[in-house]
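# Results of the structural survey
Single-letter residue listing:
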Amino acid sequence: MAHILDDISRTFSEYLLIPRLTTKKHTVKNVSLTTPVGKFKQGNASPLSLNIPFVSASMQAVSGPELAIALARCGGLSFIYCSQAIEAQAAMVHRVKSHKAGFVPSDSNVKPDASLTAVIDLVKKTGHSTIAVTHDGSGTGRFLGILTDKDFWEFEDDLNSPVSKYMTSKENVVFGKEGISLHEANLLLRQCKKECLPILDARGEHLQSLVFKKDYFDHRNNPNELLDAKKRMAVGAGVNTHDYKDRIPALLEAGVDALCFDSSDGFSEYQQAAALWARKQYGASIIIGGGNVVSGDAFRYLVERADVDFVKVGIGGGSICITREQKGIGRGQASALLEVVAERDRYFKESGVYVPVCSDGGLANDTQIIIALAMGADFVMMGRYFAMTNESPTPKVSMAGRVYKPYWGEGSNRARNWQRYSNGDDAGFKFEEGIDAYVPIVGSVRDALEVTTAKLTSTMCNSGALTLREFAAQAVLTRISEQTFVEGGTSTVVSFDKENQETA
Ligand code: IMP
C-alpha cells in the first residue's frame, strides 16, 4: 500500500517569524550575508562563498552573461543555462570571465546613415542612451563618433535626418586606446569632464569598449563583488546528465567557478554517475551541486553516494512550473526545505562536513526569500526575480502601457530542454512542464537586490542575528491561519491611491 506522509505540504507564505531580542550590536551595518556554496569540513572555510545569498536559475530567459556580470558585481552568482550548445554556453562563461570591470562592450550601435528614429527605437530597446556610431553599425566597427540623447531634440528635430548630422564626430571625441588601465581611463574622463570614454584598438580605429563615469561611482559603491582568485567575475553553469563528459570539460576550460545539475528530479542513478565521473576527473578542485530533491533521503543519497558539493531543493514550486499538474510529483517548498535542512544538520553532526542547501524556485516575494533563509537555506535560486530585471537576456515588450519581459520555463515548448526532465534516455520532448509567460520589468539587478537585502538585514536584526547561520539557528517561526494572513494586510482603512483620488 502507498505510504502517506503525516505532514501537510506547506509553503513559505504559511509562516511568520517571531522577533528575538535585538541588542545594540544588531544593526544593519553589522550584518554579514556571506554564505557557503561548496561543502567544507568543520573549522575550514568553504571553497566558494557568496557575499549575498542569491543565485540565478539556469534558464534561457534568466542567466545570460549580462545578468551574470551584474549579479556577480552585487555579490551573487549566476548559473548560465545549459539548454544550448556546449560551445555557446562555454562562450558565455568565457564572456563573464573576460569581462574587465569598467570596460563594457558597446551594445547600442548604429551606422552613420541611420535615422534618428532608428536611434530612438534602439534607446527604447537597450535602455542605453549613449550610441556609438561605427561604419558597419556593430560594437567593434570602425569608430566614427558618438551620439547621446542630449545631441538632438526628439520633438523638434527632423527624425528622418541621419545620425551623422547630429553626432560628435571622432575628431572631437576624447578616446582611449587598447591597453589603457581603468585607472588611466577614469583619470581621462575626469580631466576632460566627459561621461563616456570610447576605447579603440591600438591603431585608434576600431571600437573595443566604453568606459562610463557612472561606473566609477558604481564600482566604489560595490564592495561586495564576487571575484575569483584572479580578480575575475565569478560565474556558475548548469549541466545535465546526458552530455556531461563533453560539457563539463568545456565549461571548466572557460573558467567556470561552480557547476550545478539542472534536473527536475535529481534523486537518480544518472545524476550519481555523472557527479562521480566529474569527481573522478577533477577531484575536489570542482564545485558541483546536485538536485533537485524534496526529501531527506534524496539529500543523503546525493551527498553520500554522489559526492556533490551542495544540494538544491524544489520540485514543482517554480512560478512557470506545471510539473505538479502534469505529473503529480512535488512537495510544498517549505516542507521540502525543512526536511532537507534537518538532514543536512544531522549529516553535519555525524560527519563534520557541512553541505550547503539551496532553496530553488517558487519565491514569489521578498518575505518568502527571508522565510526560506530563516528555515535554513544557505542560499536561494531564483528565476522570475531575475527575469524581471533589465539585465536578463530577453527583449523588453510594451503591452497595455506597461513594459514586460518574456519569461518561460525550461520545460516549456519554447525552451524544449528535455534533458532537464529525462535522465537516461533521449526520449525527446513529449509534454510540457513549464509555461511561456511575461513578467513586468522592475529595473536593474542592483536596484532589486538593494530592496531585498535591506528587508533581509532588517529582519535579521529583529531576529537578533548578525549572520545567516545565526539567523537560521535561532529563528522562531509560527504557522499562520488564514485570518492571520488577512490581518497582515491593510484593513479598515482607505488607501488614497490615484484611483481613489480621481473618483473622490
Ligand atoms: P522561479 O524563481 O519561481 O521562477 O523558479 C525558477 C525555478 O523553476 C528554476 O530554478 C527551476 O528549478 C524551475 N524551473 C525552470 N523551468 C521550469 C519548468 O519549465 N518547469 C518546472 N520548473 C522549472
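Residues numbered from 1 in each chain as written. Predicted model: local features only at pLDDT ≥ 70, side-chain atom pairs only at ≥ 80, totals over all residues.

### With respect to the overall build of the chain
Counting its secondary structure elements, the chain contains 17 helices and 24 strands. On C-alpha atoms alone, the chain measures out to a radius of gyration of 25 Å, which is about the 23 Å that the 2.2 N^0.38 rule sets for 504 residues. Considering only C-alpha atoms, the chain reaches an extent of 80 × 70 × 50 Å along its principal axes. Classification of the 504 residues of the chain by burial places 43% in the buried group. Taking the intrachain contacts of the chain between residues at least 6 apart in sequence as the baseline, contacts between residues at least 24 apart amount to 64%. (Helix = DSSP H or I, 4+ residues; strand = E, 2+ residues; numbered from the N terminus. Rg over C-alpha atoms; globule rule 2.2 N^0.38 Å. Buried ≥ 20, exposed ≤ 12 C-beta atoms within 10 Å, placed from the backbone. Contact = placed C-beta atoms within 7 Å.)

### Structural notes on the sheet that holds strand β23 (residues 436-440)
The sheet built from 3 strands is open, its strands ordered β21-β22-β23 with antiparallel pairing. The strands lining the two open edges of the sheet, one partner per strand, are β21 (397-399) and β23. Mean inter-strand twist for the sheet, computed between neighbouring axes without regard to direction, equals 50°. Of the strand pairs in this sheet, strand β22 (residues 402-408) and β23 are connected by 5 bridges, and their pairing is antiparallel. (Pairing = 2+ DSSP bridges. Axes fitted to C-alpha atoms, helices over the stretch in contact; angles between N-to-C directions.)

### A closer look at the packing of helix α2 (residues 86-97) against helix α6 (residues 244-254)
Packing of α2 against α6 leaves a shortest axis separation of 8 Å and a crossing angle of 20°. The angle between α2 and α6 places the two elements in the roughly parallel class. Note on packing geometry: the crossing formed by α2 with α6 is right-handed. Between α2 and α6, the residues in contact are I86, Q89, A90, V93, H94 and K97 and D246, R247, A250, L251, E253 and A254, respectively. Tallied by class, residues from the contact of α2 with α6 come to 6 nonpolar, 2 polar and 4 charged. (Parallel < 35°, antiparallel > 145°, perpendicular 65-115°, else oblique. Left-handed = near helix turned anticlockwise from the far one by under 90°. Nonpolar A, V, L, I, M, F, W, Y, C, P; charged D, E, K, R; others polar.)

### Comments concerning the site of the ligand
Near the ligand there are 25 residues, and of these G318, G383, G409, G411 and G434 occur at the shortest range. Mapped by element, the contributors of at least two residues to the shell around the ligand are β20 (379-382) and α12 (384-387). Each residue belonging to the shell around the ligand can be placed in one class, and the counts come to 8 nonpolar, 13 polar and 4 charged. (Near = placed C-beta within 6 Å.)

### A look at the pairing of β20
Two faces make up the sheet, and in a regular strand the side chains alternate between them. The two faces of β20 match: F379 and M381 on one face and V380 and M382 on the other face are all buried. The pairing of strand β5 (residues 54-56) with β20 spans 3 bridges and is classified as parallel. Across the sheet, S56 pairs through a bridge with M382, a residue of β20. One ladder, built from 3 bridges, connects strand β19 (residues 357-360) with β20; its direction is parallel.

### Side note on the pairing of strand β14 (residues 236-239)
What you see with β14 is no split at all: G236 and G238 on one side and A237 and V239 on the other are buried throughout. Sheet analysis places strand β6 (residues 77-80) next to β14, joined by 2 bridges and oriented parallel. Within the sheet, the bridge partner assigned to F79 lies in β14 and is G236. Bridge count between β14 and strand β15 (residues 258-261): 4 bridges; the pairing is parallel. Within β15, the position partnered with G238 by the bridge is C260. The parallel pair β14 and β15, bridged by α6, forms a crossover whose chirality is right-handed. (Right-handed = clockwise from strand over helix to strand, strands pointing away.)

### Quick word on helix α11 (residues 366-374)
Among the 9 residues that make up α11, 7 are buried, leaving the element largely enclosed by the rest of the structure. Those residues of α11 not exposed but buried are Q368, I369, I370, I371, A372, L373 and A374. Backbone geometry just after α11 places G376 at a positive phi near 110°.

### Some thoughts on helix α8 (residues 296-305)
Residues A298, F299, Y301, L302 and V303 constitute the buried set of α8. As for α8, its buried residues are in contact with β16 (288-293), β17 (310-313) and α10 (333-351). Once α8 ends, the next one or two residues include D307, with phi positive near 60°.

### Considering the sheet that holds strand β8 (residues 130-134)
Taken together, 4 strands build an open sheet; the order of strands is β7-β8-β9-β10 and the sheet is mixed. At either end of the open sheet lies a strand with only one pairing partner, and these are β7 (109-110) and β10 (168-169). Where β7 meets β8, 2 bridges bridge the pair, whose relative direction is parallel. Counted as the bridge partner of N109 is A132 from β8.

### Quick look at the environment of K165
Along the chain, the position of K165 falls in the loop between β9 (143-148) and β10. By C-beta crowding, K165 is classed as partly exposed, having 13 other C-beta atoms within 10 Å. Separated by 121 residues in the primary sequence, K165 and I286 place their C-alpha atoms 54 Å from one another.

### Some points on the packing of helix α1 (residues 65-74) against helix α14 (residues 445-462)
Put simply, α1 and α14 touch, their axes get as near as 10 Å, and they point 40° apart. Classified by chirality, the crossing of α14 by α1 is right-handed. Residue-level inspection shows L67, A70, L71 and C74 of α1 in contact with α14, the latter providing V445, R446 and L449. Its residues assigned to classes, the contact of α1 with α14 shows 6 nonpolar, no polar and 1 charged.

### A few points about the environment of N222
Inspection of the secondary structure puts N222 in the loop between α5 (213-220) and β14. Taking the number of C-beta atoms within 10 Å as the measure of exposure, N222 has 14 and is therefore partly exposed. In sequence terms N222 and L50 are 172 residues apart; their C-alpha atoms lie 14 Å from each other.

### Examining unusual backbone geometry
Between G291 and the following residue, N292, the backbone shows a cis peptide bond with an omega angle of 5°. Here N292 lies in strand β16. The backbone of A400 shows a phi angle near 50°, a positive value even though the residue is not glycine. Note on placement: A400 falls in the loop between β21 and β22. On the basis of neighbour count, A400 is assigned to the exposed category, with 5 C-beta atoms found within 10 Å. The residue R416 is not glycine, and still its phi comes out positive at about 50°.

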